[in-house]
Amino acid sequence: MAEKKATAKKATETKAAAAKKTTVKKAAAKTVLAVNAENAGFKAGDVYQALAAGKALTVKEIAKAAKISEEETLLGLGWLFKEGKLANDGEKVTLA
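Residues numbered from 1 in each chain as written. Predicted model: local features only at pLDDT ≥ 70, side-chain atom pairs only at ≥ 80, totals over all residues. Heavy atoms only, no water.

Looking at the packing of helix α2 (residues 37–51) against helix α3 (residues 59–66)
Okay, step 1: Where α2 meets α3, the closest approach of the two axes is 9 Å, and the angle between their N-to-C directions is 100°. Regarding the angle of α2 to α3, the classification is roughly perpendicular. Taking contact as the criterion, the partners of D46, V47, A50 and L51 in α2 are, on α3, I62, A65 and A66.
Okay, step 2: Looking at the contact of α2 with α3, its residues break down into six nonpolar, no polar and one charged. (Axes fitted to C-alpha atoms, helices over the stretch in contact; angles between N-to-C directions. Helix = DSSP H or I, 4+ residues; strand = E, 2+ residues; numbered from the N terminus. Parallel < 35°, antiparallel > 145°, perpendicular 65-115°, else oblique. Contact = heavy atoms within 4.5 Å. Nonpolar A, V, L, I, M, F, W, Y, C, P; charged D, E, K, R; others polar.)

Dropping the structure here:
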(Lines give C-alpha, C1' and ligand atoms only; values in the text may rest on other atoms or scores of the structure.)
Protein backbone atom coordinates (compact mmCIF):
# COMPACT_ATOMS: atom_id res chain seq x y z
CA MET A 1 0.00 0.00 0.00
CA ALA A 2 2.85 2.37 0.86
CA GLU A 3 4.44 1.63 -2.51
CA LYS A 4 1.25 2.66 -4.37
CA LYS A 5 1.13 5.97 -2.45
CA ALA A 6 4.81 6.64 -3.19
CA THR A 7 4.30 5.84 -6.89
CA ALA A 8 1.21 8.05 -7.08
CA LYS A 9 3.05 10.90 -5.32
CA LYS A 10 6.01 10.58 -7.69
CA ALA A 11 3.68 10.60 -10.73
CA THR A 12 1.99 13.76 -9.42
CA GLU A 13 5.36 15.43 -8.85
CA THR A 14 6.47 14.46 -12.39
CA LYS A 15 3.30 15.97 -13.90
CA ALA A 16 3.79 19.16 -11.89
CA ALA A 17 7.41 19.41 -13.03
CA ALA A 18 6.37 18.90 -16.66
CA ALA A 19 3.69 21.59 -16.35
CA LYS A 20 6.23 23.97 -14.86
CA LYS A 21 8.66 23.35 -17.75
CA THR A 22 5.89 24.01 -20.27
CA THR A 23 5.05 27.29 -18.54
CA VAL A 24 8.70 28.36 -18.60
CA LYS A 25 8.98 27.58 -22.32
CA LYS A 26 5.88 29.63 -23.11
CA ALA A 27 7.19 32.60 -21.15
CA ALA A 28 10.54 32.43 -22.96
CA ALA A 29 8.80 32.58 -26.35
CA LYS A 30 7.52 36.15 -25.83
CA THR A 31 8.92 38.74 -28.19
CA VAL A 32 9.94 42.18 -26.99
CA LEU A 33 9.02 44.91 -29.45
CA ALA A 34 11.03 48.10 -29.18
CA VAL A 35 8.74 50.98 -30.09
CA ASN A 36 10.75 53.87 -31.41
CA ALA A 37 10.74 55.92 -34.61
CA GLU A 38 13.55 53.95 -36.23
CA ASN A 39 11.99 50.53 -35.57
CA ALA A 40 8.53 51.73 -36.63
CA GLY A 41 10.01 53.06 -39.87
CA PHE A 42 11.70 49.75 -40.65
CA LYS A 43 8.51 47.81 -39.94
CA ALA A 44 6.57 50.24 -42.14
CA GLY A 45 9.02 49.46 -44.94
CA ASP A 46 8.47 45.72 -44.45
CA VAL A 47 4.70 46.19 -44.54
CA TYR A 48 4.91 48.45 -47.60
CA GLN A 49 6.97 45.87 -49.49
CA ALA A 50 4.45 43.14 -48.60
CA LEU A 51 1.63 45.29 -49.97
CA ALA A 52 3.57 46.38 -53.08
CA ALA A 53 2.10 43.50 -55.11
CA GLY A 54 -1.16 45.47 -55.14
CA LYS A 55 -3.27 42.79 -53.48
CA ALA A 56 -5.44 43.60 -50.44
CA LEU A 57 -4.23 41.63 -47.41
CA THR A 58 -5.29 41.06 -43.81
CA VAL A 59 -2.92 41.84 -40.93
CA LYS A 60 -2.13 38.14 -40.59
CA GLU A 61 -1.36 37.85 -44.32
CA ILE A 62 0.85 40.94 -44.24
CA ALA A 63 2.76 39.59 -41.24
CA LYS A 64 3.35 36.29 -43.02
CA ALA A 65 4.43 37.95 -46.27
CA ALA A 66 6.76 40.37 -44.49
CA LYS A 67 8.07 37.66 -42.13
CA ILE A 68 7.40 39.79 -39.05
CA SER A 69 5.06 39.39 -36.07
CA GLU A 70 1.50 40.68 -36.10
CA GLU A 71 2.47 43.27 -33.46
CA GLU A 72 5.28 44.55 -35.69
CA THR A 73 2.84 44.59 -38.61
CA LEU A 74 0.46 46.77 -36.63
CA LEU A 75 3.29 49.14 -35.77
CA GLY A 76 4.20 49.46 -39.45
CA LEU A 77 0.57 49.86 -40.48
CA GLY A 78 0.12 52.67 -37.99
CA TRP A 79 3.09 54.49 -39.46
CA LEU A 80 1.80 54.06 -43.02
CA PHE A 81 -1.77 55.08 -42.11
CA LYS A 82 -0.42 58.23 -40.45
CA GLU A 83 1.43 59.08 -43.68
CA GLY A 84 -1.71 58.48 -45.76
CA LYS A 85 -0.11 55.61 -47.69
CA LEU A 86 -2.83 53.02 -46.99
CA ALA A 87 -6.50 52.41 -47.68
CA ASN A 88 -8.71 49.78 -46.09
CA ASP A 89 -12.15 48.32 -46.57
CA GLY A 90 -12.69 47.38 -42.94
CA GLU A 91 -11.00 44.00 -43.21
CA LYS A 92 -8.14 44.18 -45.70
CA VAL A 93 -5.47 46.79 -46.35
CA THR A 94 -4.07 48.07 -49.66
CA LEU A 95 -1.70 50.83 -50.71
CA ALA A 96 -3.45 54.12 -51.39
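Having seen it, we continue.
Focus: the packing of α3 against helix α4 (residues 70–82)
Okay, step 1: Relative orientation of the contacting elements α3 and α4 amounts to 100°, with a least axis distance of 9 Å. By the angle between their directions, the pair α3 and α4 is classed as roughly perpendicular. Contacts from V59, K60, I62 and A63 of α3 reach α4 at E70, T73, L74 and L77.
Okay, step 2: Broken down by class, the residue content of the contact of α3 with α4 amounts to five nonpolar, one polar and two charged.

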